[in-house]
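Commentary on secondary and tertiary structure
Given next are the chains, with one letter for each unit.
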Amino acid sequence: MNAITMSPGFAADPPVDRGEEAAAAAAVDAVKEKKMEQTLPPPPAGTPLGERLGQFARGILPPIVGLVLLIGIWHVATHRGGSIPAPSVVWDAAVALFSDPFYSNGPNDQGIGWNVLSSLQRVAIGFGFAALVGIPLGFMIGRFDFLSRMLNPIISLLRPVSPLAWLPIGLLVFKKADPAATYTIFICSIWPMIMNTAQGVQRVPQDYLNVARVLALSEWKIVTKILFPAVLPYMLTGIRLSIGTAWLVIVAAEMLTGGVGIGFWVWDEWNNLKVEHIIIAIFVIGIVGLILEQALILLARKLTKEAS
């Protein structure tokens, strides 16, 4: 006899409809979810105003504090007089200077605006030629081992030379101050672009090049489709270093060559013993350099984002 006995009423129990049970459970769950949605608070529409103000304050407050601290130290150091003018004197001179920054009374007497534009023009021309030569040369050095071993000793020899040491060579070749200064910008700008671009090409994974070889891609497609997107961050870093170096060098080169430019303007104001104008020029040079660097940073972010 079987040890398991059946209940007398087991056979009499009505059959259960599992489909109805599932439908009922689904309906109960839907009601629960609806109640939970009604009780939960709505999600925030965006960043709260207080948090945005806090982020803005954290971003803008430290630079303002640093600038105020600098002016305060400057004021304390000059309030008893001396050869360095006080901040108030420099401010008054700046107001008068920038009231008409583009006046022109001859080739040797022009406003600070024309001098800055002349310097930027020289930097743009020299930097542009350096990019046209340096970036392709960096690709070739990084791509071909023989070319790399051939040119690396030459680059290592010439790169540490001060840019101003090339200025007499430029004067000897071009016989004029303006192209000599542009040539100096070219020389000082080309090395960072060559080295960073070549380093970026050499760091491309070999697997990418092996796949290109298997697919029988042309050299042009390898450069444009594989190397260029991978090398772009290195190349943009070289461009940033080059533009900063070029802006530094042009001031010194113009002091030696004369003519129109912010460097010549600084030297001319020194000869006129207008120290407040020299301090104004220092701030102008720094602001222009900062604008150039930030513009290149924004360009690098945009191009890197598009390439990715």
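Predicted model, so just to flag it, every value in this text is computed and none were measured. (Residues numbered from 1 in each chain as written. Predicted model: local features only at pLDDT ≥ 70, side-chain atom pairs only at ≥ 80, totals over all residues. Heavy atoms only, no water.)

Looking now at the overall build of the chain. Each helix and strand counted, the chain has 11 helices and zero strands in total. In sequence order, the secondary structure elements of the chain are arranged as α-α-α-α-α-α-α-α-α-α-α. For the chain, the proportion of its 308 residues judged to be buried stands at 32%. Residue pairs at least 24 apart in sequence account for 68% of intrachain contacts in the chain once pairs closer than 6 positions are excluded. Surface accessibility of the chain: about 20200 Å² in total, with carbon and sulfur atoms responsible for 68%. (Helix = DSSP H or I, 4+ residues; strand = E, 2+ residues; numbered from the N terminus. Buried < 20%, exposed > 50% of the residue type's maximum accessible area, 1.4 Å probe, protein only. Contact = heavy atoms within 4.5 Å. Areas by Shrake-Rupley, 256 points an atom, 1.4 Å probe, with all protein chains shown as cover.)

The next point concerns the nonpolar core. Ile-239 and Ile-262 are the most contacted members of the largest nonpolar core, which has 59 residues in total. Going through the elements one at a time, helix H3 (87–98), helix H4 (112–143), helix H5 (145–158), helix H7 (177–202), helix H8 (206–214), helix H9 (219–257), helix H10 (262–271) and helix H11 (275–307) are the ones with two or more residues in this core. By residue number, the principal contributor to this core is H9, which donates 15 residues. Aside from chain neighbours lying at most four places away, what touches Ile-239 is Phe-127, Ile-135, Met-193 and Leu-296. (Core = buried A, V, L, I, M, F, W, Y, C linked by side-chain atoms within 4.5 Å.)

So, about the pattern of salt bridges. Taken as a whole and assessed by the stated rule, the structure comprises five salt bridges. Glu-219 is the salt-bridge partner of Arg-143, the closest N and O atoms lying 2.8 Å from each other. Highlighted residues: Arg-143 in helix H4 and Glu-219 in helix H9, separated in sequence by 76 residues. When its relative accessible area of 25% is taken as the criterion, Arg-143 is described as partly exposed. (Salt bridge = Lys/Arg side-chain N within 4 Å of Asp/Glu carboxyl O.)

Phi is positive for Lys-175, which is not a glycine, with a value near 65°. Take Lys-175: it is sitting in the loop between helix H6 (167–174) and H7. A positive phi angle, near 60°, is found at Leu-273, a position not held by glycine. Summarising the element assignment, Leu-273 is placed in the loop between H10 and H11.

Put simply, H4 and H10 touch, their axes get as near as 7 Å, and they point 135° apart. One way to sum up the angle between H4 and H10 is to call them oblique. On H10, the residues that touch Ile-112, Asn-115, Val-116 and Ser-119 of H4 are Ile-262, Gly-263 and Trp-265. Class assignment for the residues of the contact of H4 with H10 results in four nonpolar, three polar and no charged. (Axes fitted to C-alpha atoms, helices over the stretch in contact; angles between N-to-C directions. Parallel < 35°, antiparallel > 145°, perpendicular 65-115°, else oblique. Nonpolar A, V, L, I, M, F, W, Y, C, P; charged D, E, K, R; others polar.)

Here we take up the packing of H5 against H7. Direction vectors running N to C along H5 and H7 enclose 145°, while the axes themselves pass 12 Å from each other. Handedness of the crossing formed by H5 with H7: left-handed. Between H5, through Ser-148, Ile-155 and Leu-158, and H7, the contact on the second element is made entirely by Trp-191, Ile-194, Met-195 and Gln-202. Counted by class, the contact of H5 with H7 contains five nonpolar, two polar and no charged residues. (Left-handed = near helix turned anticlockwise from the far one by under 90°.)

To continue, consider the environment of Arg-159. As for its position among the elements, Arg-159 is in the loop between H5 and H6. You can call Arg-159 partly exposed: its relative accessible area is 42%. Taking the C-alpha atoms as reference points, Arg-159 and Trp-191, 32 residues apart in sequence, are found 6.4 Å from one another. Those residues in contact with Arg-159 that lie beyond four places of it in its chain are Trp-191 and Met-195.

Another aspect to go through is the confidence of the model for the chain. In this model, the chain carries an average pLDDT of 82, and 84% of its residues clear a pLDDT of 70 or more. Put simply, helix H1 (residues 18–39) is where the chain has its lowest mean pLDDT, 47, and H4 is where it has its highest, 93. Counting contacts from residues 30–40, a segment whose pLDDT is below 50, to residues more than four positions away or on other chains yields zero contacts. (pLDDT = per-residue confidence, 0-100.)

Looking at the element boundaries, Ile-125 is found in helix H4. Judged by relative accessible area, Ile-125 falls into the partly exposed class, the value being 38%. Once the C-alpha coordinates of Ile-125 and Phe-186 are considered, the two residues, 61 residues apart in sequence, prove to be 8.2 Å apart.

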